[in-house]
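Each chain, written out:
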Amino acid sequence: MTQSFLFSLFKVRKYLFFKSIISTCTQFTKTTFPTSTLKSGGRSWDLRSLSLSQTKSPLSVEQAFGTMAVDAISPDWEFDRFDDGSTKIHTEVQLKNYARFLEEYTSQLKGIEDALDDSIGDVWDFTLDPIALKLLPYEQSSLLELIKTDNKVLNKVITVYAALCSEVRKLKYEAEIKFYNGLLYYGEGVSDSCVVEGESQVQMGRFISFFQELSCFVSRCFEVVVSIVHQLASLYNSNNFSSSRSATKVIESSGVHFQTVYEHLGELLVVLLTLDEIMENHSTLKDHWKMYKRLLKSVHHNPGKFAIPEEKLKPFEKLLLKLEGQLLDSMIFQACVEQRFDDPGEGVSVSKNTAFAEEFALNIRNIFTNVESKIGEPSEIDQRDKYAGVCGLFVLHFHIFRTVDKKLYKALLDICKKVPAVTLTSNIIWFPDTFLMTKVPAAAKLMDKKSVQSIRAQRDTYLQQKAQTLTKDVQSYYVFVTSWMMKMEAISSKEQRNDKMSEDLSSRCNVFVQGILYAYSISTIIKTTMNLYMSMQRPMTKTSVKALCRLIELLKAVEHTFHRRSMVVADSVSHITQQLQSQALSSIGIAKKRVISDKKYSEQRLDVLSALVLAENALNGPSTKERRLVISLALSVGTQMKTFRDEELLPLQLVLKKLDLISELKERVKVQCDCSFLYWHRAVFPIYLDDVYDHAVDAARIHYMFSALRDCVPTMLYAKHMESCDQLLKSYDTEIMQVFNEHLLDKLCKEIEKDLRLSVHTHLKLDDRNPFKVGMKDLAHFFSLKPIRFFNRFIHIKAYVTHYLDKTFYNLTTVALHDWATYSEMRNLATQRYGLTMTEAHLPSQTLEQGLDVLEIMRNIHVFVSRYLYNLNNQIFIEKTSNNKHLNTINIRHIANSIRTHGTGIMNTTVNFTYQFLRKKFYIFSQFMYDEHIKSRLIKDIRFFRETKDQSDQKYPFERAEKFNRGIRKLGITPDGQSYLDQFRQLISQIGNAMGYVRMIRSGGLHCCSSAIRFVPDLEDIVNFEELVKEEGLSEETQKAASLLDSVLGDLTSNSAEGTEYFKMLVGVFAPEFRSVKNMHLRNFYMIVPPLTVNFVEHSIGCKEKLNKKNKGGAAFTDDGFAMGVAYILKLLDQYLEFDSLHWFQAVREKYMKEMSAVLKEQNVQAACQDEKLLQTMNLTQKRLDINLQEFELLHFSLSSARIFFRADKTAAEETQERKDRETAAKTVPTCTDGSELLRDS
């Protein structure tokens, strides 16, 4: 989808681009060549009639050019025809038709464009450019082809200087792009904490080849400087040197001032000066160099260890010494100016050439005059760079001629009061006063200390003033830049009128130039202030940081405005350059006529005329750098002899300056708005982000800051100290993103989450949310931002926060499932308040009374069975005690929900955990039954019952059970008043609770399966989907899916129909061990059941009585775990018949009925006697007997119910016989080949 969208975008923008070019070409044809004709071979070619003279109807561009090709080879053009004017009329008609066609076609394309996307239009997105416009003029003509006049000598002079200036530009470009960045970024991208031993030497080892390239570059610069000086000295020859006495002047140079050449020489000196400053301020580079030299020394002492031939070491050491002396001692500039410029062998005199010395000094003064008048003013554009060049030229002049212009020297230092420092590149700042005093010591001695101190004090004053005025500067530039942006927008919306074309182009030119001026001023303030603070190691206030960041935003806003209106700029630049060229040609034409009209010819006048012709020729063509250089050099010759009047020369110079700016508009904007220096000041980024967070209203400005941070990326590609520059880029990317997350994204996420929580829980009144007291911060502005582009990613704040909330809400819901409703409400609120598109959690449905989870119970089953009581009839567990005012309960629905959450696989795992728990409990059970006190009493009771059962009507006596209970209590009690029999009862209750839990797991599983399969219409007749899919011949994947569906439905059907007999499994696994010979002591268990029931009834009555008391500690109304435990153990021991032979519950009933009848008789007797106190006692006795009997009855019923689960109707022998009968029946089923016979028999 993205590719198709970009392709559509590309087609639309391609159309707009070519529309702009066609419009430009049309205008160019109309303005530049109104009636131009080309003649060749006797034929006349009229460009206008050639274009569309033979067309009859509006054509497409392709058809029009096709027609031109046909016309070009038409035989009708083989002779000259008589021009009666009809061709002109016909052409005008066709041009009108063609213009109408273009308008219609434009509207159609505009409609298509609008239909594609609303965002696509004349506005170009800075963050996503499928195509780009390059406006820099270019042609393949060489300097030799451009510089052609009849004056051969002048041609040679201009060619030499033009070639040298072009070489300087190339060297400067190479230094700015490659060498500055390579040096500056050395050592970056490696944190101090993770530097491996030897990493510094490895980095320097990779950097040696870079140093070699830099050495060659510096040598080339030296050669070019010498060459320029020699060429200038040859032109301005004073004829006072012995070897050049007979030499003649090349051209008359008395009024010729090649100021452009001197400016270029100054630029080259600034390049060397910048390299010196980088070396001087780069402590890391110097430290690593020293470490590398030490390493080399170690290698030298033991070359065999490092597998390096000794003969290769010495040349390498010499190379390092040469590199250190040439580059690392920060003496590059000094070495250049101290070169030997005199070359007697070539016949070049420099140091004793007085004419050249005067010309050199004159040009320095002229350049300085231009710089001095503009520097520090609003119209300043490149004067600071030229000022550095003037200082370099001044030092070069001093070293060549050994003379000092004290007045100029003082004037140069006075500039320091206006400009305390000059930023050479990135974070490299240069102090002119220090430079001049160091490099020209002879002049420095003449300066008094107060002047020097005042200049240095001026820097502190400048910083103090800047700290106070920065906020005002921001406000001022904010107004300036916004008004300029409105003018740029107005340009794009205003239609051009042919009658006011010239005025419109002039106004556009002025607006473009004004944008560059604003960019230069803002950039200068930012760089100078930041670098001064850094160089002088002064702390910067937060207010200053915020103000500087605002200026960075304005700077990028200027760049973005130019980029957004690339279509208008592209359309305008070609027209403006043509207009400026036309104005320059007009001025030169007037001067040329003036020269021609003067009949006094001389060589000097011929040089002037040739120079003017050369300038005209250069102006007739694209405004390339080479042509503009030729124009500048030609006018240096052409302006002598008062060719131009004063009122003509200044406008011409202004026009040419504008031509320079407009021709390089995009490049100038890019350079002035480049914020790669921000890499060295990235410490301000956290403060900036905090400010953006605090002032969320204008959060959109963050795009500008990230655009500024992206400017560092192209310069980082030239880092050479790492294996790959990608490591440096990754380090920078990680650092910026870490700061961005910490100071904005994470804070924003937490604040949004906090706001949602407080809003949902407003009823709790957790925080004062009155906006009039605590203020109000509308963070929703962050969510309306477009995605921010940084490196190869887009940072979408809205998506980031949405993902954070989704993740947080999901994780917290899984931890506390009962909070699902709260988080659902928070999701809805996030959508309503912030417009966030939240994702549903899609967790299984839960109940608000979820209680304990199956997993939690499984992991802590020993705690669960001791803290919860089981109710057999309702299948519910109730908590014994709680610190709260309510007790937790767990029922089948809770278990079913847990199984739905975790899956049915949890059931088998739970039973396995229960088995492990029962093993431990049965070990304690066995130990109790093996105890001599217990075993002897039980054997005694068994013998007693066997001997007396005939007298007691086969019933175990109640009194014997009570006696056993009292006897056990005499053995001892625990600190909390429990006997050993009480503890044994609790053990059996816990075993019974575990079995009750297993029962509930099975019931919950059946409930879950029945809920899952409730949408199947008929469980008895389920369609086989796999067969149906195969019949339809569907794909293999569909067949596999159908097979899986059949499998799931089959599992659900079987599970919902029967479930797993967990009780049978747990009986089967323990019964053989319980019934084995080695556990004979367990067979006395049936005899301890009567005392246990007595103990249980006493305990149960006590618990129920506590329900009506104020202190309900230990209160309970059910404990069917005891009945389940007794039933389970009797089944394991196969002692149901033995226990039933005691007829225990019948004996209990008879005992209580007998006592109750005795009480009733006594009541009747006492009623006759009317003894109220005794009667009241009898009533209480009867009530107690009723309660006891009722409890025994309830226990009997519970035990009978529990026995059903374990098939108490059959003994172990009967169950074994039944199983054998089934197996035998399965083996003896008749088999026959004919099914009809089986049916007949049946």
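As annotated in an unreviewed UniProt entry, the protein chain is WASH complex subunit 4 from Esox lucius.

The subject of this paragraph is the overall build of the protein chain. Looking only at helices and strands, one finds 48 helices and nine strands in the protein chain. Here the protein chain holds 1242 residues, and the buried ones make up 46% of them. Sequence separation of 24 or more characterises 79% of the internal contacts of the protein chain that already satisfy a separation of 6 or more.

Once that is clear, we can look at the sheet that holds strand β8 (residues 876-879). The strand order across the open sheet built from three strands is β7-β8-β9, with neighbouring strands paired in antiparallel fashion. Two strands bound the open sheet, and with one partner strand each, they are β7 (868-871) and β9 (889-890). Pairing analysis gives four bridges linking β7 to β8, with the strands arranged antiparallel. Pairing of Tyr868 across the sheet is with Glu879, part of β8.

The next thing to look at is the pattern of salt bridges. Pairing of side chains with opposite charge becomes possible as their charged atoms draw close. Inspection of the entire model under this criterion finds 46 salt bridges. Where Asp433 meets Arg459, a salt bridge forms, and the shortest distance between an N and an O atom there is 2.6 Å. Of this pair, Asp433 sits in helix α15 (residues 432-439) while Arg459 sits in helix α17 (residues 449-493), and the two are 26 residues apart along the sequence. Accessibility expressed as a relative area gives 1% for Asp433, which makes it buried. When salt bridges that share partners are traced, they join Arg550, Glu553, Asp691, Asp698 and Arg701 into one network.

Moving on, we come to a nonpolar patch on the surface. A cluster of nonpolar side chains, contributed by Val1023, Phe1025, Leu1028 and Leu1045, occupies part of the molecular surface with about 310 Å² of accessible area. Looking at the element boundaries, Val1023 is found in the loop between α38 (980-1012) and α39 (1025-1032). With a relative accessible area of 43%, Val1023 lands in the partly exposed category.

With respect to the secondary-structure elements, Gln581 resides in helix α20 (residues 566-597). Gln581 gets classed as buried once you look at its relative accessible area, which sits at 9%. A polar contact is formed between the side chain of Gln581 and the backbone oxygen of Leu619, at a distance of 3.4 Å. Filtering out sequence-adjacent residues up to four positions away, Gln581 remains in contact with Leu619, Gly621, Pro622, Ser623 and Leu659.

With 234 residues, the main nonpolar core has Phe211, Phe258, Phe740, Phe782 and Ile797 as its most contacted residues. For this core, the leading source of residues is helix α7 (residues 199-235), giving 18 residues. Other than its neighbours up to four places away in sequence, Phe740 contacts Phe685, Leu689, Ile702, Phe706, Leu745, Ile788, Ile795 and Ile797. Ranked by size, the runner-up nonpolar core spans 90 residues in total, among them Ile857, Ile895, Met995 and Val1094.

Here β8 shows two buried faces, one formed by Ile876 and Ile878 and the other by Phe877 and Glu879. Between β7 and the antiparallel strand that follows it, β8, lie four residues; Gln875 among them carries a positive phi value of about 50°. In this structure, β8 lies alongside β9, joined through two bridges in antiparallel fashion. Looking at the pairing, Ile878 lines up with Thr889 of β9.

It is worth spelling out the environment of Trp484 at this point. Among the secondary structure elements, Trp484 is positioned in helix α17. The exposure class assigned to Trp484 is buried, which follows from its relative accessible area of 1%. Considering only alpha carbons, one finds Trp484 and Thr561, 77 residues apart in sequence, at a separation of 9.6 Å. Not counting residues up to four positions away in its chain, the partners in contact with Trp484 are Val511, Gln514, Gly515, Tyr518, Val558, Thr561 and Phe562.

Positive phi outside glycine occurs at Ser330, with the angle close to 55°. Turning to its location among the elements, Ser330 is positioned in the loop between α10 (310-328) and α11 (332-337). We classify Ser330 as buried; its relative accessible area is 9%. Notably, Gln954 is not glycine yet its phi reads approximately 60°, a positive angle. With respect to the element layout, Gln954 can be found in the loop between α36 (932-948) and α37 (958-970). Here Gln954 falls in the partly exposed class, since its relative accessible area comes to 29%.

To continue, consider helix α26 (residues 702-710). Counting buried positions over the nine residues of α26 gives eight, a clear majority of the element. Within α26 the residues assigned to the buried category are Ile702, His703, Met705, Phe706, Ser707, Ala708, Leu709 and Arg710. As for α26, its buried residues are in contact with α19 (542-564), α25 (685-694), α27 (712-716), α28 (725-760), β5 (788-790) and β6 (793-795).

Now for the pairing of strand β3 (residues 422-425). In terms of strand pairing, β3 meets strand β4 (residues 428-430) through three bridges, oriented antiparallel. Bridging across to β4, Thr423 finds its partner in Ile429. Taking the residues that link successive antiparallel strands as the turn, the β3-β4 hairpin has two residues, and the phi of Ser426 there is positive, at about 45°.

Further remarks concern a positive patch on the surface. On the surface, Lys940, Arg943, Lys963, Arg966 and Lys970 cluster together into a positively charged patch. Among the elements that line the positive patch, the one with the most residues is α37, at three residues. Relative to the helices and strands, Lys970 is located in helix α37.

Taken as a whole and judged by the stated rule, the model has 59 aromatic pairs. Geometrically, the ring pair formed by Tyr679 and Tyr732 is tilted, given 5.4 Å between the ring centres and 50° between the ring planes. You can see Tyr679 sitting in the loop between α24 (665-672) and α25 and its partner Tyr732 sitting in helix α28, a full 53 residues away along the chain. Among the residues examined, Tyr679 registers a relative accessible area of 3% and is labelled buried. Both rings, one in Phe1063 and one in Phe1206, keep their centres 5.1 Å apart while their planes meet at 15°; by these two values the pair is stacked. In this pair, Phe1063 is assigned in helix α41 (residues 1062-1074) and Phe1206 in the loop between α46 (1172-1205) and α47 (1212-1227), connecting sequence segments 143 residues apart.

On to the environment of Lys935. By secondary structure assignment, the location of Lys935 is in helix α36. In sequence terms Lys935 and Leu1082 are 147 residues apart; their C-alpha atoms lie 9.1 Å from each other. Apart from the residues lying within four places of it in its own chain, the contact partners of Lys935 are Met929, Tyr930, His1081 and Asn1084.

Running from amino to carboxyl end, α20 crosses helix α21 (residues 603-619) at an angle of 160°, the nearest separation of the two axes being 10 Å. The orientation of α20 with respect to α21, classified from their angle, is roughly antiparallel. Remark: the crossing between α20 and α21 carries left-handed chirality. On α21, the residues that touch Gln581, Ala584, Leu585, Ile588, Gly589, Ala591, Lys592, Val595 and Ile596 of α20 are Arg605, Val608, Leu609, Leu612, Val613, Ala615, Glu616 and Leu619. Here the contact of α20 with α21 is built from residues that sort into twelve nonpolar, two polar and three charged.

Moving on to α21. With 17 residues, α21 ought to run about 24 Å at 1.5 Å a step, and its terminal C-alpha atoms sit 24 Å apart, in line with that. For α21, a buried count of twelve out of 17 residues is recorded, marking the element as mostly surrounded by other parts of the structure. Residues of α21 that are buried: Arg605, Asp607, Val608, Leu609, Ser610, Ala611, Leu612, Leu614, Ala615, Glu616, Ala618 and Leu619. Next to the buried residues of α21 lie α5 (143-146), α6 (152-184), α20, α22 (625-638) and α23 (646-663).

The next point concerns the packing of α7 against helix α9 (residues 283-301). Axis separation between α7 and α9 bottoms out at 9 Å; the angle between their running directions is 100°. As the angle between them shows, α7 and α9 are arranged roughly perpendicular. Of the residues in α9, those in contact with Ser200, Gln201, Gln203, Met204, Gly205, Phe207, Ile208 and Phe211 of α7 are Leu285, His288, Trp289, Met291, Tyr292 and Leu295.

For the protein chain, per-residue confidence averages 83 on the pLDDT scale, and 86% of positions sit at 70 or higher. When the criterion is pLDDT under 50, residues 239-247 qualifies, and its contacts beyond four places in sequence or with other chains add up to nine contacts. Residue range residues 1229-1242 is modelled with pLDDT below 50. Its contacts to residues more than four positions away, or to other chains, number two contacts.

Definitions and cut-offs
Every chain's residues receive numbers from 1 upward, in the order its sequence appears when written. Reporting of local features is limited, given that this is a predicted model, to residues whose pLDDT is at least 70; pairs of side-chain atoms are given and counted only at 80 or more, and all residues count toward the totals for whole chains, interfaces and linings. The basis for the side-chain values is all heavy atoms of the structure; hydrogens and waters are excluded. Only DSSP runs of H or I reaching four residues or more are called helices, and only runs of E reaching two or more are called strands; each is numbered from the N terminus. A 1.4 Å probe rolled over the protein chains alone gives each residue an accessible area, and that area as a share of the maximum for its type sets the label: buried under 20%, exposed over 50%, partly exposed in between. Here, residues are in contact when the closest pair of their heavy atoms is within 4.5 Å. Pairing between strands is defined by DSSP: at least two bridges between the two strands are required. Salt bridges, as used here, are contacts in which a Lys or Arg side-chain nitrogen is within 4 Å of a carboxyl oxygen on Asp or Glu. Note that patches include only residues with greater than 30% relative accessible area and no salt bridge, and the join distances are 9 Å for like charges and 5 Å for nonpolar side chains (Val, Leu, Ile, Met, Phe, Trp, Tyr). Note on areas: Shrake-Rupley with a 1.4 Å probe; residue coverage comes only from the protein chains shown. As used in this structure description, the phrase polar contact means that two N or O atoms lie within 3.5 Å; if the pair is within protein, one of them must be able to donate a hydrogen and the other to accept it, and residues adjacent in sequence are counted only when both atoms belong to side chains. For the purposes of this section, nonpolar cores are sets of buried Ala, Val, Leu, Ile, Met, Phe, Trp, Tyr and Cys residues that join through side-chain atoms within 4.5 Å. By the counting rule applied here, Lys and Arg register as positive and Asp and Glu as negative, while His and the ends of each chain are not counted. Throughout, a charge is located at the NZ atom of Lys, the CZ atom of Arg, the CG atom of Asp or the CD atom of Glu. A pair of aromatic rings is counted whenever rings of Phe, Tyr or Trp (Trp by its six-membered ring) have centres within 6.5 Å, and the orientation is called stacked for planes under 30 degrees apart, edge-to-face for over 60 and tilted otherwise. Every angle, taken between N-to-C directions, lies between 0 and 180 degrees, and every axis is a line fitted to C-alpha atoms, over only the stretch in contact when it is a helix. Relative orientations are named as follows: roughly parallel for angles under 35 degrees, roughly antiparallel for angles over 145 degrees, roughly perpendicular for angles from 65 to 115 degrees, and oblique for any other angle. We call a crossing left-handed when the near helix sits turned anticlockwise from the far one by less than a right angle, and right-handed when that turn is clockwise. Think of it as three bins: nonpolar holds Ala, Val, Leu, Ile, Met, Phe, Trp, Tyr, Cys and Pro, charged holds Asp, Glu, Lys and Arg, and polar takes everything else, Gly as well. Multiplying 1.5 Å by the helix residue count minus one yields the expected span of that helix. Per-residue confidence from the predictor is reported as pLDDT, a score between 0 and 100.

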